[in-house]
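Structural description and commentary
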Amino acid sequence: MGEVRKIRTACRSCHGGCGVIAHVKDGKVIKVEGDPDSPYSRGTMCSKGLAITQLAYHPDRILHPMKKVDGRWVRITWDEALDTIATKFQAIIEEYGPEYIVVGQGTGRDYESHLYRFANLLGTPNVLTAGHMCYVSRVSTSLITCGNLPVADYNGGPKLIVMWACNPLWTNPDEYRAEWFARAFKQGAKLISIDPRKSYYAGRADLWLQIRPGTDAALAFAWHYVIIEEELYDKDFVKNHVHGWDAFKERVKDYPPDKVQDITWVNKELIRESARMYARTKPAAIHWGVPTEQTNNCTDFTRTAIGLMAVTGNLDVPGGNALFVNPPTRTVAEFARHKDLSKEARAKRLGGEEFKLGARVAFINPKKAWDSILYGEPYQLKAGLLCGTNPVVSRANAREAYEALKKLEFLVVIDFFLTPTAELADIFLPAGTWLEQNHVADNWKRHGYVFARQKCVEIGEAWQDHKIFLELGKRMGQEWWDTVEDALDYLLEPSGLTWEEFKKKGYLQGENVYYKYKERGFSTPTRKVELYSTILEKWGRDPLPKYVEIPESPVSKPELAKEYPYIFNPGLRTPNFFHSANRMIPWLREIRPDPIAEIHPETAKKHGIRDGQWIYIESPRGRIKQRAKLFDGIDPRIVTAEHGWWFPEIKDPEHGWDISNANILTDNAFETCDPNMGSTNLRACLCRISPCEDEE
Ligand SMILES: Nc1nc2c(c(=O)[nH]1)N[C@H]1C(S)=C(S)[C@@H](COP(=O)(O)OP(=O)(O)OC[C@H]3O[C@@H](n4cnc5c(=O)[nH]c(N)nc54)[C@H](O)[C@@H]3O)O[C@H]1N2
Ligand SMILES: Nc1nc2c(c(=O)[nH]1)N[C@H]1C(S)=C(S)[C@@H](COP(=O)(O)OP(=O)(O)OC[C@H]3O[C@@H](n4cnc5c(=O)[nH]c(N)nc54)[C@H](O)[C@@H]3O)O[C@H]1N2
Ligand code: SF4
Ligand SMILES: [Mo]
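1. So, the domain arrangement of the chain
If you check the domain split of the chain, you get domain 1 (66–135 + 330–442 + 449–509), domain 2 (146–325 + 519–538) and domain 3 (558–691). Summarising the inter-unit geometry, the C-alpha centres of domain 1 and domain 2 are found 34 Å apart. Across the contact, six residues belong to domain 1 and nine residues belong to domain 2. Of the roughly 670 Å² buried at the junction of domain 1 and domain 2 (both faces included), carbon and sulfur atoms supply 59%. On the domain 1 side of the interface with domain 2, the three residues burying the most area are Met-133, Tyr-135 and Leu-357, jointly 67% of the side's total. The interface formed by domain 1 and domain 2 contains zero salt bridges. Counting across the interface, domain 1 meets domain 2 through two residue pairs in polar contact (both at pLDDT 80 or more).

Dropping the structure here:
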């Protein structure tokens, strides 16, 4: 009784990875603290990770499986839950086919290997995640352009950092930790910030380019224009390692700085100055973030940006953009057995022919799923299994997402809480938090590490997600292991370690080598950086990148802009929330009780809006309300807003999902999506604002 055990593990309250020491007393985690020995986080943690005890032991957390009977939730056993799901899925497979079942997950959950294995062995090509517009879009484009994801190499001593649409201080996204960037900055690296909003570091940058949302590809082209015109490129690298240079050079001629100034709202002299600074300072790293992907220019921005790294000789060099080598574990693709999904099954992937790049990495566009359910196009999905995702709040055109999920014949949701999405389900399965799981963490990332996430406790009847897929998979006759830990032994096999051995070690790092291309070229069909993509060419797509105007903007829709004059830029993160999560956690909600929309003081004045007042924001898709915060760090033509809002304190099953949800306003029409990846435009549409007089 009473003794405190300290267990070393790894957080996953965001994309995860920080080293944690969990204090366990009497079978309960009483607190967590940062692990000073973690090579990744060196003892630091953020508010979300530190609040895990309030999440794990929250009174509203569901700790047993449930089924819905006559609109009410009823507790059931795991056996009944898994049997019901297996029987229903089997019946659908027999009557229609496995593709009639859609499987989905949230962002960076660290169980994609298991979820995809379940889907592949089921035989469905329809896996719905955020990947079409977040991270996977970046990876898939990098794969066809230079063979791997280029990551800013903070530990390699960059002399210049280009922070392009990323705010790591609040987000620690994917493979990045804010501390890595902050250390390099403190050590004297120059900083160029490309951001429509004056973030903490935009305010401290050597150059800040206050760009119009969604126009990043045009700016990247203008940098190429200056670099070519002033011959600032690395001639040797271009000659030996770039495919399609002449054709690319011709395309770049379409983007002179004075034209790009009109597109991006960035002054042409500043474009020139920043391009020169980037090309002349060596080594320089570009660290780019998710807003560049949440547009119709997703693929082409990434290709153009990788082009900048390549032509300036900053690719695969220390302190530039590294192509890290992962430690020797089985990859997500191998574990998931992607290769075992038959050609026939692949051919049935929703939107697969259209969004070929997304299909190549096994992702679908959400509207394809909603259209399938709502209109039977091209066939009608019958069932869904959603794990750790809340599409009713997190996907574009939320009302359509809501209607579709409501209409689905059979829905299973796996979560900690009854979210607005979970309330639409027929079966609810309780997931274990990261305190309740054994896993080889971060093996989906490309920073070159994996970490041991160790189970500290079991809480109620919750199961870690990996176990849910394993047990459900076995019930459906799939090939899995006896236990989660057996599966981890398999995952770790190439490293020569078992799970028990790895757990003691704590982490593994891949080999840190640069200039790999000098010996073996890049992992593309031509072994070069493909500024002219032979893969896109084979698919009959434009092999060269380009910038296409945002489909709903003052430029493309001038008539609509008379009614909706502002650019709506939703997706402002707060350090304490993770998308739609954490609104029920007292420590975190206290920091931000209400949703915030930022408007410029001049704009506020025009509409008679006071700081802190509730306002309506409307788009052609609907109306929401958020609290106005007057902020002169954005352009007066822009309204910035937080996404992810629902209200767990509203106890009816809708939980106020449509009151302040920014995605009521965003659009998901196919013409607003990236033509290769299917990325939805979540960051730039038109809106209007007005004060909301009836509330304080
Ligand atoms: N307008 C606008 N919309 C956006 C964005 C934007 O910038 N603007 N950002 C987009 C981006 S980048 C992304 S990635 C998506 C994210 O979209 P989602 O991944 O769908 O969103 P979340 O709110 O993070 O996930 C929701 C649920 O996962 C549950 N959960 C957390 N951890 C676990 C776990 O380990 N297991 C299980 N089973 N459940 C868990 C939480 O309780 C929560 O209810 O949102 C997108 N939506
Ligand atoms: N606390 C917290 N952390 C998170 C998340 C969260 O919800 N909360 N979400 C996680 C997820 S899934 C993701 S994908 C990452 C995202 O993390 P980041 O990549 O950092 O992306 P954001 O915070 O969405 O935006 C970064 C910056 O881009 C600016 N920006 C907005 N639109 C544009 C544009 O069109 N062009 C340019 N150049 N800049 C623009 C914003 O003003 C912001 O300062 O964060 C992850 N981490
Ligand atoms: S940054 Fe992410 S991994 Fe680190 S403590 Fe915060 S939530 Fe956890
Ligand atoms: Mo994301």
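2. Comments concerning helix α11 (residues 257–264)
Since one α-helical turn is 3.6 residues long, residues separated by three or four positions face the same way. Buried within α11 are the following residues: Pro-257, Val-260, Ile-263 and Thr-264. All buried residues of α11 project into a common sector of 110° when viewed along the axis, lining one side. Taken from the residues just after α11, Trp-265 is the one with a positive phi, measuring 70°.

3. Notes on the pairing of strand β6 (residues 101–105)
Along β6, five of the five residues are buried, which leaves the element largely enclosed by surrounding structure. Across the two faces of β6 the burial is the same, with Ile-101, Val-103 and Gln-105 and Val-102 and Gly-104 all buried. Summarising the sheet, β6 and strand β15 (residues 383–387) pair through five bridges and their orientation is parallel. Paired with Ile-101 across the bridge in β15 is Ala-383. Bridging between β6 and strand β7 (residues 127–128) involves two bridges; their strand directions are parallel. Residue pairing for β7: Gly-104 is matched across the bridge by Leu-128.

4. With respect to the site of ligand 1
Within the structure, ligand 1 sits among 33 residues, and Arg-109, Thr-389, Asp-415, Ser-580 and Arg-683 are positioned closest to it. In this structure, Thr-389 approaches ligand 1 through a side-chain N or O atom, which is 2.5 Å from an oxygen atom. Out of a free accessible area of 920 Å², ligand 1 has 97% covered by protein chains. Residues belonging to the shell around ligand 1 are distributed by class as follows: 13 nonpolar, 13 polar and seven charged.

5. Here's the deal with the nonpolar core
Generally speaking, nonpolar side chains in soluble globular proteins are found buried as a group. Residues Phe-118, Leu-435 and Ile-617 are the most contacted members of the largest nonpolar core, which totals 130 residues. Ranked by residues supplied to this core, first place goes to helix α3 (residues 78–95) with seven residues. Discounting chain neighbours no more than four positions away, the residues touching Leu-435 are Ala-22, Val-29, Val-32, Ile-52, Ala-56, Gln-454, Lys-455, Cys-456 and Val-457. Counting residues in hydrophobic clusters, the runner-up holds 93 residues, among them Tyr-40, Phe-221, Ile-271 and Ala-305.

The rules behind the values
Residues numbered from 1 in each chain as written. Chains lettered and ligands numbered in written order. Predicted model: local features only at pLDDT ≥ 70, side-chain atom pairs only at ≥ 80, totals over all residues. Heavy atoms only, no water. Domains from an automatic or database assignment. Contact = heavy atoms within 4.5 Å. Buried area = accessible area lost by both parts, 1.4 Å probe. Salt bridge = Lys/Arg side-chain N within 4 Å of Asp/Glu carboxyl O. Polar contact = N/O pair within 3.5 Å; in protein donor to acceptor, adjacent residues only side chain to side chain. Buried < 20%, exposed > 50% of the residue type's maximum accessible area, 1.4 Å probe, protein only. Helix = DSSP H or I, 4+ residues; strand = E, 2+ residues; numbered from the N terminus. Arc of directions from axis to C-beta. Pairing = 2+ DSSP bridges. Near = heavy atom within 4 Å. Areas by Shrake-Rupley, 256 points an atom, 1.4 Å probe, with all protein chains shown as cover. Nonpolar A, V, L, I, M, F, W, Y, C, P; charged D, E, K, R; others polar. Core = buried A, V, L, I, M, F, W, Y, C linked by side-chain atoms within 4.5 Å.

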